[in-house]
Every structure is written in C-alpha cells, then in structure tokens.
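Residue-level structure breakdown
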Amino acid sequence: MKVLVINCGSSSLKYQVLDMPSEKLICKGLVEKIGIPGSMLTHTKIGLDEKFVLQSEMPDHTTAIGHVLDALLDPEHGVAKSLDEIGAVGHRILHGGDKFTASCLVDEKCKDAIRACIPLGPLHNPANLMGIEACEKLMPGKPQVAVFDTAFHQTMPPEAYMYALPYEYYKKYAVRKYGFHGTSHRYVSQKAAEMLGKDLKDIKLISCHLGNGASICAIKDGKCYDTSMGLTPLEGLIMGTRCGDIDPAAIPFIAEKEGMNFKDVDTMMNKKSGMLGISGVSSDFRDVETAADEGNERAKLALDMFVHRVKSYIGSYAAEMDGVDAIIFTAGLGENGKTTRAAICKDMDFFGIELDPEKNDVRGKQCFLNTDASRVKILLIPTNEELMIAKDTYEIVTK
Ligand code: AMP
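Residues numbered from 1 in each chain as written. Predicted model: local features only at pLDDT ≥ 70, side-chain atom pairs only at ≥ 80, totals over all residues. Heavy atoms only, no water.

Topic: the pairing of strand β4 (residues 40-45)
Here six bridges tie strand β3 (residues 24-32) to β4, and the two strands are oriented antiparallel to one another. When the sheet's bridge partners are listed, Cys27 is paired in β4 with Lys45. Of the pairings in the sheet, the one linking β4 to strand β5 (residues 52-55) comprises four bridges and is antiparallel in character. For His43, the partnering residue across the bridge sits in β5 and is Phe52. Linkage of β4 to β5, two consecutive antiparallel strands, is achieved through a turn of six residues, within which Gly47 is found at a positive phi near 100 degrees. (Pairing = 2+ DSSP bridges. Helix = DSSP H or I, 4+ residues; strand = E, 2+ residues; numbered from the N terminus.)

A look at the sheet that holds strand β6 (residues 86-93)
Reading across from one edge, β5-β4-β3-β2-β1-β6-β8-β7 is the order of the eight strands in this open sheet, with mixed pairing throughout. Every interior strand has two partners, whereas the edge strands, β5 and β7 (104-105), have only one. Direction of pairing for β7 relative to strand β8 (residues 144-148): antiparallel, over a ladder of two bridges. The partner of Leu105 across the bridge, within β8, is Val145. Contacting β6, β7 and β8, helix α2 (residues 108-116) crosses the sheet at an angle of about 35 degrees to β8. Set on the sheet, helix α14 (residues 385-398) makes contact with β1 (2-8), β2 (13-19), β6, β7 and β8; between it and β6 the angle comes to about 125 degrees. (Contact = heavy atoms within 4.5 Å. Axes fitted to C-alpha atoms, helices over the stretch in contact; angles between N-to-C directions.)

Regarding the environment of Ser10
By the element assignment, Ser10 lies in the loop between β1 and β2. If sequence neighbours within four positions are ignored, Ser10 has contacts with Ile34, His61, Leu123 and Ala127.

Listed below in structure tokens is the structure:
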C-alpha cells in the first residue's frame, strides 16, 4: 500500500509517499510560501536525479495539496497512475492535548479534538486541520490518520507533567507539560531496543533530539517518563531561536523595562533567543561552531551553554529513572555534530558514560558510539518521523 505522509506548517507543507509495509520511500517534496507570493513546489522521485519544480501561486493548503496530488500523478515524476493507488494519508499533528495517547483514524470527533487544542498549538494545529480538510475535499473517502507529536508523552506521571502553579489553572485551562517530538522519540527508542537486542520494556533510555528545535526524553519501560518541552515547545533545552528554561520572573522584569507586551515577549523568547540570541551570529549550529572556531566569544558561550543544559537534563533523567542503559543522539545536530556529542559526553565516566572518539567520528549513520568499557551505551540513530507516521497509518487502516 502507498501511504502519503503530510506535515503541514502554517505556510509550508512537507510530504512523502512510502510503500508499506516494505517501508520504501518512493517520493518526497516540499511546498513553500503557501498563502504568500512566490509559492513553490519541489518534488523528488526517488531514483530520478532531476527534480520537478512548480512555481504557481498557492493561496491556501487545498490548492497546495491539489498540486502535490498532480505531482504524484505526473507521467514522468509521478508515482501512481490514479489516486486510488494511495491507500491512506497520515498527518503529523502538533498538539493533541491530553485527549490523544496514540495515533487515530480521522473522523469528526478527532477533528473536533484537534480544533479544541488550537489554543495550545495556535500556529500548527490550524494548518494541520487545513491539511486534513484539503485531503477530504480532494480525495473524498480516503482513510486519514492523525499522528500527534504529544501522544507519546501522555504516559508521564503527574509529578512530571504538573507545574507548581495554582491547581485551578490546570483544571480550567489544562496548563501542564505535554512534550513534543514524540514521534521522533518513539521511533528512535524502538530502533534502540533493536540495536541493544532487548525488549523496550526492559531498558531505560535518554533520547536527545538535538536539532533546530531540541528536546530530551526519559523513556522507561518503553514509555515516556519525562521530557524537556512543556505546555509549548519553548521549555527545556536551548534551541536555535528558543530560550528554553529560564526564571519565569525574568519575563515581567524585561517586559516592564522594555515596554513589551505579552506578544512581544513571546516573540523574543521563541524567535530571538537561544543560539541566535546569545551568539548574535546565527540560529544554525554550524555557523555558531564556525564563529566559535574563529574566536567569537559569544558563539563559544552559546555552545557551552547548550552543552551544559543537555548534560544537566541527562543527569536529572538518569536520577529520575534510577539509572540509564543507553543515550540516543538524533536529529540534525545529534546525528551530525560530533564536537557537540563529544562535549556532552565529556567527564561523564562516573555515570558509566564513555564516548569512543574514533567511533564518534561519524555522521548520520546508525551505530554505537561508546567505548567497550562504557556501562551506558551511546547510540547514534537517524530519526525518521515520516516513516513512523506511515507505520502508524498503515497499521491503523489495515487493522
Ligand atoms: P534539524 O532541525 O533536525 O534539521 O537540525 C538542524 C540543526 O542541525 C542546525 O542547527 C544545523 O546546524 C545542525 N547541523 C546539521 N549538520 C551539522 C553538522 N555537520 N555539524 C553541526 N551541526 C549540524
């Protein structure tokens, strides 16, 4: 069965078609600038060198998905003769609140619940819904599956997900930790169990998803036990442009001094902070590393702060789970940034974490990075959220 995986952002859309259950990637693509001038679709059929590029105004997600479906049926670049060959569509959905503990078939109830979570995911959930509704319009009756970024984290115990704010805000507004990147943490944890030759239920893992957005997850008995992102993706690690954990009292303090309103502060913490805000160079780790190598002190400080925060979460999660069997590095920086991986694992031997510098000289390949003596295994596992979405979709529609 061919499964179309769609990840709708507010002005962009990524997609892949995978053959299931063989898990073979058939094509992938990206639509940029939906609803703004200069919309463009770039489509790549696996095995064909030449890309298919379409520049045409796409005022909304329905028009964009229409062009994606046309690309899938293109005589040269397409992957199907008719849309009947697409068995199902899987959608990445940002926020499922506490309503979804797993992926599910899209129906009216599911859509209402995604809608109800819009206040918690104001940028992504509306776009995710638009993607679902566009597919309903363009492929009526096609089974669709919703895969939530938050679902994997729903197993956290209350002591991990509650904030020590007045309880009424939890009851009235569902203010609590939800966590994100769940599809990635779930995928790499399953791969880790395979690599270790153990049952997921018998291992304790710390999964470090280090990309432009970054989060850490403590996984015990195959379930999320704690994670660093919170009510929104802002909490936790230092990210490309997000500040991560800060003293919340800094917010009214700065707002008052600078005459900022809530929206200004939110933009400052989400878009102008993190690696960009500290280094003043870039949100991209490669640029920050280059600047640090050239002697830029603020770039060096940003990198040191990032590593410091990751280490403190690793220590805290090992303590919370009463031990750890393996640490996983994944996502852009986790898979490619050998210097950062080495800095994170430095001086962790008292924990039984010992990185092998030679094995660490690797990028983007599933492998072990630890020395033979290391009690805790260190794993590099390239993440594949689209494959996880396709797997869930295939399982749900064939069940
Ligand atoms: P992602 O959001 O998962 O795509 O990750 C993007 C981040 O990974 C960016 O900040 C990149 O700078 C970083 N990254 C990608 N390749 C490398 C590399 N070779 N060394 C260091 N960082 C990298």
